[in-house]
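Residue strings, one per chain:
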Amino acid sequence: MTITDETIDYVGILAKLELSDEEKEQAKQDMSNMLEYVSKLNELDTDSVEPMSHAFPVSNVFREDVVTNSDDRDNLLANAPEQKDGCYKVPKTFD
């Protein structure tokens, strides 16, 4: 794959960069070098390598979803600056 001027312009738009002509040429050369380096992976024999999504085994680390607290309204309302009829009392926000 070759990197064209249009590719550099498009990447510049995506990255919101304004590149000078010299910077565009340098970016084109850098991207070409990166693609050339990555293409070396095609030379590797990977027939006996099992595909994987992670380098290390991944297991679910979430806890069970169980209710641990009960209806503790009185303790919760104890933190309220004002309360009325078992609810928080807040200032009116509109007329």
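Engineer: Lay out unusual backbone geometry in plain terms, naming residues and giving numbers.
Structural biologist: One non-glycine residue, K16, adopts positive backbone phi at about 55 degrees. Along the chain, K16 turns up in the loop between helix 1 (5-14) and helix 2 (21-39). At D85, a residue that is not glycine, the phi angle is positive and equals roughly 55 degrees. In this structure, D85 sits in the loop between strand 1 (83-84) and strand 2 (87-88).

Engineer: Provide a residue-level description of the packing of helix 1 against helix 2, including the pertinent values.
Structural biologist: Two elements in contact, helix 1 and helix 2, have axes separated by 10 Å at closest approach and are oriented at 100 degrees. Here helix 1 lies roughly perpendicular to helix 2, going by the angle between them. Taking contact as the criterion, the partners of D5, I8, D9 and V11 in helix 1 are, on helix 2, K24, E25, A27, K28 and M31. Looking at side-chain class alone, the contact of helix 1 with helix 2 contains four nonpolar, no polar and five charged residues.

Engineer: Provide a residue-level description of a nonpolar patch on the surface, including the pertinent values.
Structural biologist: Taken together, the side chains of Y37, V38, L41 and L44 make up a nonpolar region of the molecular surface, amounting to roughly 460 Å² of accessible area. When you line up the elements, Y37 lands in helix 2.

Engineer: So what about the pattern of salt bridges? Which residues, and what values?
Structural biologist: Counting across every chain of the model gives three salt bridges. K28 is the partner of D5 in a salt bridge, and the nearest nitrogen-oxygen pair spans 2.7 Å. Of this pair, D5 sits in helix 1 while K28 is found in helix 2, placing the two residues 23 residues apart along the sequence. Note on D5: relative accessible area 41%, which makes it partly exposed. For K28, a relative accessible area of 18% gives the class buried. Here K28 ties to E25 by a salt bridge, and the two come within 3.6 Å at their closest N and O atoms. Taken together, the residues span about one helical turn, with K28 and E25 both in helix 2 at a distance of three residues. By sharing partners, the salt bridges in this structure join D5, E25 and K28 into a single network.

Rules used in this analysis
- In this convention, every chain numbers its residues from 1, walking through the sequence in written order.
- The model is predicted, so local features are restricted to residues of pLDDT at least 70 and side-chain atom pairs to those at 80 or more, both for listing and for counting; the totals for chains, interfaces and linings are taken over all residues.
- Note that water and hydrogens are dropped before the side-chain values are worked out from all heavy atoms of the structure.
- Starting at the N terminus, helices and strands are each numbered in turn, a helix being any DSSP run of H or I of at least four residues and a strand any DSSP run of E of at least two.
- Axis geometry follows a simple rule: fit a line to the C-alpha atoms, using only the stretch in contact for helices, then measure angles between N-to-C directions, giving values from 0 to 180 degrees.
- Throughout, the term roughly parallel applies to angles under 35 degrees, roughly antiparallel to angles over 145, roughly perpendicular to angles from 65 to 115, and oblique to all others.
- Any two residues whose heavy atoms approach within 4.5 Å at even a single point are treated as in contact.
- Ten residues, namely Ala, Val, Leu, Ile, Met, Phe, Trp, Tyr, Cys and Pro, are considered nonpolar, four, namely Asp, Glu, Lys and Arg, are considered charged, and the remaining ones, Gly among them, are considered polar.
- By definition, no residue in a patch forms a salt bridge, and every one has over 30% relative accessible area; like charges are joined within 9 Å, nonpolar side chains (Val, Leu, Ile, Met, Phe, Trp, Tyr) within 5 Å.
- Per-residue accessibility takes into account occlusion by the displayed protein chains alone, with areas from the Shrake-Rupley method and a 1.4 Å probe.
- Salt bridge, as used here, is a side-chain nitrogen of Lys or Arg placed within 4 Å of a carboxyl oxygen of Asp or Glu.
- Using a 1.4 Å probe on the protein chains alone, a residue whose accessible area is under 20% of its type maximum counts as buried, one over 50% counts as exposed, and one in between counts as partly exposed.

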